[in-house]
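Examination of the molecular architecture
Residues per chain are reported as follows:
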Amino acid sequence: MKITEKTIVGLTYELKVTKEGEESAPFSVEVRDQEDPFYFVFGLSGLPEKFETLLENKQQGDTFQFTLKSEEAYGQADDEMIMSIPKEQFTTQNGFTPEMLEEGNFLPLADEDGNTMQAKVVKDLGEEVLLDFNHPLVGFDLHFDGEVQEVREASEEEIAHGHVHGEHGHQH
């Protein structure tokens, strides 16, 4: 079966990144192996469009290797996405600890719609904390090297929710 609209795709890959315009060696930020493949519903994943385009029509066992330029992936950092938030919003009642607010950490947050997002703690300003809500991979070129592990039809429910059920412990 080939990867087309509304198929469930399982991938293993290594993702390396390079900072746009810098001549540094790519560094690995994510590895998904056969113990924990990455599953998504093709066409509904919210992944960069180019990522899906480059995988289209591949089938199980096909390997892939490609680079997404930052503008094809998550774009450039947006200064408006960096904002200071009063520390009183990050109380222990809300499940935050003071250690979580240390500079360089990523805070797990949710927006009004309940979508999870990560904000990087840039600076501790005393009463407030400066957070960067840009996607962690903003400004990076993404280098994927992987293999298609599984392609199957999505169920109605998976299509309705746009994500895969039972990612853990499914039968191979």
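Since we're looking at a predicted model, the values are computed, not measured. The residue count restarts for each chain, going from 1 along the sequence in the order it is written. Only residues with pLDDT of 70 or above have their local features reported here, since the model is predicted, and side-chain atom pairs are shown and tallied only from 80 upward, although totals for entire chains, interfaces and linings are computed over all residues. Remark: hydrogens and water are excluded; side-chain values derive from all non-hydrogen atoms of the structure.

1. A short note on the overall build of the protein chain
In plain terms, the rule: We count a stretch as a helix when DSSP gives it H or I for four or more residues in a row; a strand needs E for two or more, and each element gets its number in order from the N terminus. We call two residues in contact when some of their heavy atoms are within 4.5 Å. His is not counted, nor are the chain ends, whereas Lys and Arg count as positive and Asp and Glu as negative. Charged groups are reduced to one reference atom each: NZ for lysine, CZ for arginine, CG for aspartic acid, CD for glutamic acid.
Scanning the protein chain for helices and strands turns up two helices and nine strands. Helices and strands appear in the protein chain in the N-to-C order β-β-β-α-β-β-β-β-β-β-α. Taking the principal axes of its C-alpha atoms as reference, the protein chain extends roughly 55 × 40 × 25 Å. When contacts within the protein chain are restricted to residue pairs at least 6 apart in sequence, those whose partners lie at least 24 apart make up 64%. Across the protein chain, the mean location of the 12 positive side-chain charges is 5 Å away from that of the 38 negative side-chain charges.

2. Digging into the environment of Phe140
Among the secondary structure elements, Phe140 is positioned in strand 9 (residues 140-153). Separated by 65 residues in sequence, Phe140 and Gly75 place their C-alpha atoms 8.0 Å apart. Beyond its immediate chain neighbours, meaning those up to four positions away, Phe140 contacts Val17, Thr18, Lys19, Glu20, Phe27, Lys69 and Ser70.

3. Quick word on the sheet that holds strand 8 (residues 128-132)
How we decide: Between any two strands, at least two bridges found by DSSP are needed for them to pair. For helices, the fitted axis covers only the stretch in contact; all axes are lines through C-alpha atoms, and the angles between them, taken along N-to-C directions, range from 0 to 180 degrees.
If you walk across this open sheet you meet the four strands as 5-8-7-6, and the pairing is antiparallel. The open sheet has two free edges, formed respectively by strand 5 (82-86) and strand 6 (106-110), since each of these has just one partner strand. The sheet shows a mean angle of 45° between the axes of neighbouring strands, direction not considered. With four bridges joining them, strand 7 (residues 116-124) and strand 8 adopt antiparallel strand pairing. Looking at strand 8, one finds that Val121 is bridged to Leu131.

4. Observations regarding the side chain of Thr12
In plain terms, the rule: As used in this structure description, the phrase polar contact means that two N or O atoms lie within 3.5 Å; if the pair is within protein, one of them must be able to donate a hydrogen and the other to accept it, and residues adjacent in sequence are counted only when both atoms belong to side chains.
Secondary-structure assignment places Thr12 in strand 1 (residues 7-19). There is a polar contact of 3.0 Å between the side chain of Thr12 and the side chain of Gln149. When neighbours within four sequence positions are excluded, Thr12 is seen to be in contact with Arg32, Asp33, Gln34, Pro37, Phe64, Gly146, Glu147 and Gln149.

5. Details of the nonpolar core
The following threshold applies: Definition used in this section: a nonpolar core is a set of buried Ala, Val, Leu, Ile, Met, Phe, Trp, Tyr and Cys residues joined via side-chain atoms within 4.5 Å. Summary of the burial criterion: residues with accessible area below 20% of their type's maximum are buried, those above 50% are exposed, and those between are partly exposed, where the area comes from a 1.4 Å probe applied to protein chains only.
The biggest cluster of nonpolar side chains holds 21 residues, and the ones touching the most others in it are Leu11, Phe40, Phe51, Leu55, Phe64, Leu142 and Phe144. Among the secondary structure elements, those contributing two or more residues to this core are strand 1, strand 3 (38-41), helix 1 (49-55), strand 4 (63-68) and strand 9. Beyond its immediate sequence surroundings of up to four residues, Phe51 is in contact with Leu11, Phe40, Phe66, Leu68 and Phe144. Counting 11 residues, the second-largest nonpolar core is a separate cluster that includes Phe96, Leu101, Val121 and Leu131.

6. Comments concerning the confidence of the model for the protein chain
Operational definition: The predictor rates its confidence in each residue with pLDDT, a number between 0 and 100.
Considering every residue of the protein chain, the mean pLDDT works out to 90; 95% of them sit at 70 or more. Low pLDDT, under 50, characterises residues 168-172; the predicted model gives this stretch four contacts beyond four residues in sequence or across chains.

7. Some thoughts on the pattern of salt bridges
Going by this rule: Between Lys or Arg on one side and Asp or Glu on the other, a salt bridge is scored when a side-chain nitrogen of the former is within 4 Å of a carboxyl oxygen of the latter.
If you walk through the whole model with that rule in mind, you get seven salt bridges. One salt bridge in this structure joins Asp141 and Lys69, with 3.6 Å as the shortest N-O distance. In this pair, Asp141 sits in strand 9 while Lys69 sits in the loop between strand 4 and strand 5, placing the two residues 72 residues apart along the sequence. You can call Lys69 partly exposed: its relative accessible area is 43%. A salt bridge links Asp124 to Lys87; the shortest N-O distance between them is 2.9 Å. Placement of the pair is Asp124 in strand 7 and Lys87 in the loop between strand 5 and strand 6, with a sequence separation of 37 residues. The exposure class assigned to Asp124 is partly exposed, which follows from its relative accessible area of 37%. Judged by relative accessible area, Lys87 falls into the partly exposed class, the value being 25%.

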